[in-house]
Amino acid sequence: MKNQEIADIFGRLADILEIRGEEFFRVNTYRKVARIIEDLSADVADLVESGEILDIRGIGKGTVAGIEEYLETGGMRRYEEARKSIPKGLAELLSVPGLGPKTIGLLWREFDVKSIKSLKRTLRGKKILELPGMGPKKVENIEAGIRVYESRSGRLTLGTVLPAALATVAELRVATGIDEIEVAGSIRRWRETIGDIDILALSSKPAPVIKAFTELPRVVEVLAAGTTKASVRVSDGLQMDLRVVPPSVYGAALMYFTGSQAHNVRLRGLAQSKGLKLSEYGLFKGERRIAGRTEEGVQKKLGLEFIAPELREDRGEVEAALTGELPGLVELGDIRGDLHVHSNYSDGHSTIEEVARAAKARGYMYVSINDHSRSLGVAHGLTIERLLEQEEEIARVNQRVKGITVLSGTEVDILSDGSLDFPDDCLERLDVVVASIHSGFQQSEDKITGRILSAIRNPHVDIIGHPTGRLLGTRPAYDVDLEVVMAAAADTGTALEINAYHERLDLNDINARRAVEMGVRVAISTDSHHVDQMWAMELGVRTARRGWLTSANILNALTTKALLKVLSRT
DNA sequence: GCCGTTTTCGGCCCGACTGTTTTCAGTCG
């Protein structure tokens, strides 16, 4: 699947044209095309082949011609030509905060700046101050931007940022005495990775709130502080933005600050087509504000059903909300159990009884123990003997702990040759068989897809664990043809997992959406190695919501009885 | 480059903050 490659080309093309100072709207179109292709769940080649690609808003004939050319020749002429027109490392400078395309273009033409290195050298010189609009303060800011660029680690996972963001909000509440402070931005949309923390506060007197924000102990640098908004950098390199608004515009401001940017642009365009204007200050008809206090109010006046934050990515939610076709999204309360938890029998750190009690405390009906199988030595995989002992222990815990059903399971390895790490008569005894790949990540797409297919076709396998193997920011997905996997899973009734561990979230939102479109049932599981990790179920559910899933799509939204019936495939 | 029950040409989201300005350009979200 070449979606990412093609999206990257359009993105880089946009960068180059922007630096060259081409018309903004053409640049913007390429950016949008890049995002759309990146967000596609289906193979772009299939969509081009069938012609369906032209049904997507924002993709026109010019784009399709470019994609076809790339699919046929492996290159795109307009990109190759653009690439030759500016120095190789120049576009990279767009990643320096505070440095934009206009300045980069200017520095390149006037001073032959073509890399971070030559940029630094130029900034140290005196001549740069002769440029129009350039002063000592600007030079200083660009230098600071370079330091940030060189030190920052990229986007962090939601699971690591979320606690810090909530703590900051709590601190701000104490410092300001204001209750209505909340996290917006990509955190409120529950995106899997986070670039910065956006906070919205409701107050008619912003000055003291801005002051308290810029004086928080974690703040190492104040980037900007005005009368209604401020930006700071905190100790781990992360940026935090605060916006303070009065009650009458809180809903509109929350929408604006929650994004995504693409979603906002869509809504503002929609408002425009109705002769209205939407901004963070409300929805306006002429000079008159007709909505703004609540998100629901603004969306209703735009003719929309309420769009949950998780859906606000401009992936069709606006169209669906206009026609009343948004799905009733799954909620955390719909989840009846966790179907992938490790115990101290393998590499987990909690006893089976602790897992049972933690699951009961979460209000679950059931929880499944799925320790590693014998070949995974590093994780103390269970021998068949140990597996049988564990079965007995589970029976004892079921006696001791009432009000929860502990299911016996395994996370059986899908070995390099496609066979499973336990024999069928062993798997047959268990309630919940999760099959996962933990080795041979480098194999070819055919091989890896084949391994997963043979696991899917094994009648004892109930769920494929973390189907792509990716680790956010660490390890890319292995080469697997998910279309083929999903078709097979739909055929056999095998579920695919949304592994809720914060570095996995695998399936991700887009793949989960594709899975249910193809008729696959999804299991949301935490893969917890300690009872303290079981809260991650919320990350999984939010990912499912981002994938437009309803409780009907979720295996572990079933009651114990219904679940066992599905698992036994009678 | 994309798009269209007011348009096939002429638009394309909207506003805050900063640093350089003497009314605004650049950057960001």
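The rules behind each value
Note that residues are indexed from 1 along each chain, following the sequence as it is written. Chain A is the first chain written and ligand 1 is the first ligand written, with later ones labelled in order. With pLDDT at 70 or above as the cut-off, local features in this predicted model cover only qualifying residues; side-chain atom pairs require 80 or more to be listed or tallied, and sums for whole chains, interfaces and linings still use all residues. As a rule here, side-chain values come from all non-hydrogen atoms in the structure, and water together with hydrogens is ignored. Delimitation of the domains relies on an automatic or database domain assignment. A molecule or strand has a residue near it when one of that residue's heavy atoms lies within 4 Å. Under the rule applied, a polar contact is a pair of N or O atoms within 3.5 Å (in protein, one hydrogen donor and one hydrogen acceptor; residues adjacent in sequence only if both atoms are side-chain atoms). Secondary structure elements are taken from DSSP: a helix is a run of H or I of four residues or more, a strand is a run of E of two residues or more, and numbering for both begins at the N terminus. Throughout, the ten residues Ala, Val, Leu, Ile, Met, Phe, Trp, Tyr, Cys and Pro are labelled nonpolar, Asp, Glu, Lys and Arg are labelled charged, and all others, Gly among them, are labelled polar. What makes two strands pair is DSSP finding at least two bridges between them. Helix axes are fitted to C-alpha atoms over the stretch in contact, other axes to C-alpha atoms as well, and angles between N-to-C directions run from 0 to 180 degrees. Pairs of residues are marked as contacts when any of their non-hydrogen atoms sit within 4.5 Å. Like-charged residues within 9 Å of one another, or nonpolar side chains (Val, Leu, Ile, Met, Phe, Trp, Tyr) within 5 Å, are grouped into patches, provided each residue has over 30% relative accessible area and no salt bridge. Accessibility throughout is a Shrake-Rupley quantity obtained with a 1.4 Å probe, and a residue counts as covered only by protein chains that appear here. A pair is scored as a salt bridge if a Lys or Arg side-chain nitrogen falls within 4 Å of a carboxyl oxygen belonging to Asp or Glu. The charge count treats Lys and Arg as positive and Asp and Glu as negative. His and the chain ends do not count. Working definition for charges: the position is that of NZ of Lys, CZ of Arg, CG of Asp or CD of Glu. Each residue's exposure class comes from its accessible area (1.4 Å probe, protein chains only) as a fraction of the maximum for that residue type: buried when under 20%, exposed when over 50%, partly exposed otherwise. To form a nonpolar core, buried Ala, Val, Leu, Ile, Met, Phe, Trp, Tyr and Cys residues must be joined to one another through side-chain atoms within 4.5 Å.

Just to check I follow, could you spell out the domain arrangement of chain A for this structure?
Interface size is often expressed as the accessible area that is lost when the parts come together. When the domains of chain A are assigned, the result is domain 1 (3-152), domain 2 (156-245), domain 3 (250-322) and domain 4 (332-568). If you average the C-alpha positions of domain 1 and of domain 2, the two centres end up 29 Å apart.

In this structure, what is going on with the protein's contact with DNA strand B? I would like to understand it.
Taken together, 47 residues form the shell around DNA strand B, and within it Gly-98, Thr-103, Gly-135, Lys-137 and Arg-268 come nearest. Close to the protein, within 4 Å, the atoms of DNA strand B belong to sugar or phosphate groups at a rate of 74%. Within the backbone of Gly-60, an N or O atom sits 2.9 Å from a phosphate oxygen of DNA strand B. Lys-277 is positioned such that a nitrogen or oxygen atom in its side chain is 2.9 Å from a phosphate oxygen of DNA strand B. Contributing elements (two or more residues each) for the surface near DNA strand B: α2 (24-39), α4 (61-73), α6 (101-111), α8 (136-151), β5 (219-225), β7 (239-245), α13 (261-273) and β8 (277-279). Tallied by class, the residues present in the surface near DNA strand B amount to 16 nonpolar, 18 polar and 13 charged.

I tried to follow the sheet that holds β7 on my own but got confused; where do I start?
Taking strand neighbours across the sheet as the criterion, the 5 strands line up as β2-β4-β7-β6-β5 in an open arrangement whose pairing is mixed. Each edge of the sheet is formed by a strand with only one pairing partner; in this case those strands are β2 (181-183) and β5. When the angles between neighbouring strand axes are averaged without regard to direction, this sheet yields 20°. One ladder, built from 3 bridges, connects β2 with strand β4 (residues 196-202); its direction is antiparallel. Within β4, the position partnered with Ile-181 by the bridge is Ala-201. Across the sheet, helix α11 (residues 206-214) touches β4, β5, β6 (229-234) and β7, and the angle it forms with β7 is around 165°.

How do you make sense of a negative patch on the surface when you look at a structure like this?
On the surface, Asp-46, Glu-49, Glu-52 and Asp-55 cluster together to form a negatively charged patch. When its relative accessible area of 67% is taken as the criterion, Asp-55 is described as exposed.

I tried to follow the environment of Ser-85 on my own but got confused; where do I start?
Relative to the helices and strands, Ser-85 is located in helix α5 (residues 77-85). Spatially, the C-alpha atoms of Ser-85 and Asp-198 are 37 Å apart, while their sequence positions differ by 113 residues. If sequence neighbours within four positions are ignored, Ser-85 has contacts with Ile-16, Arg-20 and Trp-108. A polar side-chain atom of Ser-85 sits 2.5 Å from the main-chain carbonyl oxygen of Ala-82.

Got a minute to help me understand helix α22 (residues 537-546) in this structure?
Across the 10 residues of α22, 8 count as buried, placing the element largely inside the fold. For α22, the elements touching its buried residues are α9 (158-176), β11 (337-341), β16 (495-499), α21 (509-517) and β17 (522-525).

Before we go on, may I ask you to explain the pairing of β6 in this structure?
Summarising burial for β6: 5 of the 6 residues are buried, a large majority. Pairing of β5 with β6 involves 5 bridges; the strand directions are antiparallel. The residue of β6 that forms the bridge with Ala-224 is Ser-231. Two successive antiparallel strands, β5 and β6, enclose a turn made up of 3 residues. Of the pairings in the sheet, the one linking β6 to β7 comprises 5 bridges and is antiparallel in character. Looking across to β7, one finds that Lys-229 is bridged to Arg-243. Linking two consecutive strands that pair antiparallel, namely β6 and β7, is a turn of 4 residues; a positive phi of about 90° is found at Gly-237 within it.

I tried to follow the nonpolar core on my own but got confused; where do I start?
A general feature of soluble globular proteins is that nonpolar side chains tend to end up buried together. The biggest cluster of nonpolar side chains holds 59 residues, and the ones touching the most others in it are Ile-452 and Ile-524. Beyond its immediate stretch of four places on either side in the chain, Ile-452 contacts Ile-414, Ile-437, Ile-464, Pro-467, Tyr-478, Val-480 and Val-485. Ile-9, Leu-17, Ile-59 and Ile-104 belong to the second largest nonpolar core, which has 48 residues in total.

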